[in-house]
Amino acid sequence: MDIQISKRVILDLPMSYAINFLHTQEGTLGVCASEGLGGCFTFPTDTLEPVHRVWENAGGCMSISQIAPDGTFLAVQNFFKGFNAKQGCIVRSAPDGRGGWRTEPFLTLPYLHRFDVIDVENRKYLIASTLCRNKEFKEDWSTPGTVYLGELKNGVGAPEALWPLIPELTKNHGFYRGTHNGRHVLLISGMEGIFEVGIPQRAGDVWPVERLLEREISDAAIVDIDDDGVEELVAIEGFHGDHITINKQINGAWQEVYRFPAPFAHVVWGGSILGRPSLLLAYRNDNGGLLLLRKRDESGAYYMEHLYIDELVSPTNLAVDSQPDICRIYASCGRTQQVVCYTLTSA
């Protein structure tokens, strides 16, 4: 591929994991946090400095989502390695008016792994997925988790109630917001498959749920990778699996059309990069790569070309800002324990 790549380390962060954007009137911030006790930090996405600390001596952060225009966000805490998450919770971090941040408890939800906050007609809804209900030992999967739905009180407060949107989902890892058939959707995946949750256009409407695949999937994304006007499903096969697949709807059924090895695959992202449909894939074992994949041509078999953006970094999560002539990938890199910005331009 005729792509130029530059790399810049933003900060060192032990057990770097969660990463996302905060969009404010002053500009866009990146926010990143540790799955250990390495803390949470923000940085401006344009200059990448200065870096500001949000919290310290806390962690186990799996997910981050903004809830207010000033940058106030929610984040998971207390989900530690080995699925040690019985004390799992959400905290709320808000600017304190003095250049710092104030972090306080928001909601307790044991084994909470992934969540997002969705705005529907200026009402904010929390969609939160737990890994399981309880654990007696690390590989105890006898009690499935649940995907919950609840409305934030006055847009910033904890929901007064949570309803089961998907009553049973085990080993949830995938939680992806995208567009499918012209609708805004969430793809939520686990041992029972990939579930598509439709985001309603009006507050108070039903959130429809449909199962797209019925095999164990770790993470999923949706993208029209062959540019034929119909989106494909991209999936990490199995929990923290070793392959990704591209699945195309043929005669009304999803069929695998491409498979690529990726040991301990952890991230898939789909969208346009430098004007062409693309996939980003990150995996944690072996050479710990971050790759860009594209279909070689618009017709014929699924021959995919791939470009290693970096190796020996083992990204755990990505935040992607893709513009027509430039793409910036902000990556939490677990192996190097760094947060990195990769800039892609046409060579």
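For the structure itself, look to the data block above.
Residues numbered from 1 in each chain as written. Predicted model: local features only at pLDDT ≥ 70, side-chain atom pairs only at ≥ 80, totals over all residues. Heavy atoms only, no water.

Student: Help me understand the overall build of the chain, please; the structure alone is not making it clear to me.
Tutor: Across its full length, the chain carries 0 helices and 28 strands. For a compact globule of 347 residues, the expected C-alpha radius of gyration is about 20 Å, and the chain comes in at 19 Å, within 12% of that figure. Overall, the C-alpha framework of the chain stretches about 55 × 45 × 45 Å when taken along its three principal axes. Across the 347 residues of the chain, 59% fall into the buried class. The long-range share in the chain, meaning contacts at least 24 apart out of those at least 6 apart in sequence, stands at 44%. If you sum the accessible surface of the chain, you get close to 14,900 Å²; carbon and sulfur atoms cover 46% of it. Here the chain contributes 30 positive and 43 negative side-chain charges, whose respective centroids are spaced 4 Å apart. (Helix = DSSP H or I, 4+ residues; strand = E, 2+ residues; numbered from the N terminus. Rg over C-alpha atoms; globule rule 2.2 N^0.38 Å. Buried < 20%, exposed > 50% of the residue type's maximum accessible area, 1.4 Å probe, protein only. Contact = heavy atoms within 4.5 Å. Areas by Shrake-Rupley, 256 points an atom, 1.4 Å probe, with all protein chains shown as cover. Lys, Arg positive; Asp, Glu negative; His and termini not counted. Charge placed at Lys NZ, Arg CZ, Asp CG, Glu CD.)

Student: How do you make sense of the pattern of salt bridges when you look at a structure like this?
Tutor: If the charged atoms of two oppositely charged side chains come close together, the side chains can form a pair. Scanning the model with the defined rule gives 19 salt bridges in all. Arginine 98 serves as the salt-bridge partner of aspartate 96, at 3.6 Å between the closest nitrogen and oxygen. Take arginine 98: its relative accessible area is 69%, and that puts it in the exposed class. Between arginine 177 and aspartate 116 there is a salt bridge; the shortest N-O distance is 2.8 Å. (Salt bridge = Lys/Arg side-chain N within 4 Å of Asp/Glu carboxyl O.)

Student: Can you help me understand the sheet that holds strand β24 (residues 290-295) in this one?
Tutor: Within a beta sheet, neighbouring strands are joined by backbone hydrogen bonds and run either parallel or antiparallel to one another. Spatial strand order, β22-β23-β24-β25: 4 strands in an open sheet with antiparallel pairing. Single-partner strands in this sheet number two, and they are β22 (265-273) and β25 (304-310). Across the sheet, the axes of successive neighbouring strands diverge by a mean angle of 25 degrees, strand direction being ignored. Pairing analysis gives 6 bridges linking β24 to β25, with the strands arranged antiparallel. Following the sheet pairing, leucine 293 is matched in β25 by histidine 306. (Pairing = 2+ DSSP bridges. Axes fitted to C-alpha atoms, helices over the stretch in contact; angles between N-to-C directions.)

Student: It is not clear to me how the environment of asparagine 247 should be interpreted in this structure. Could you clarify?
Tutor: Positionally, asparagine 247 belongs in strand β20 (residues 243-250). With 15 residues separating them along the chain, asparagine 247 and glutamate 232 place their C-alpha atoms 5.7 Å apart. Among all residues touching asparagine 247, those that are not within four sequence positions of it are Leu213, Arg215, Glu232, Leu233, Ala235, Glu237, Trp254, Gln255 and Glu256. One polar contact links asparagine 247 to threonine 245, side chain to side chain, over a distance of 3.0 Å. (Polar contact = N/O pair within 3.5 Å; in protein donor to acceptor, adjacent residues only side chain to side chain.)

Student: Help me understand the state of the cysteines, please; the structure alone is not making it clear to me.
Tutor: By definition, a disulfide is the covalent link that joins the sulfur atoms of two cysteine residues. Inspection of every chain in the model, using the stated rule, returns 0 disulfides. With no disulfide of its own, cysteine 61 has cysteine 40 as its nearest cysteine by sulfur position, at a separation of 6.2 Å. A relative accessible area of 0% means that cysteine 61 is categorised as buried. In this model cysteine 89 remains outside any disulfide bridge; the closest cysteine sulfur is found in cysteine 61, 9.9 Å from its own. On the basis of relative accessible area, cysteine 89 is assigned to the buried category, the value being 13%. (Disulfide = S-S within 2.5 Å.)

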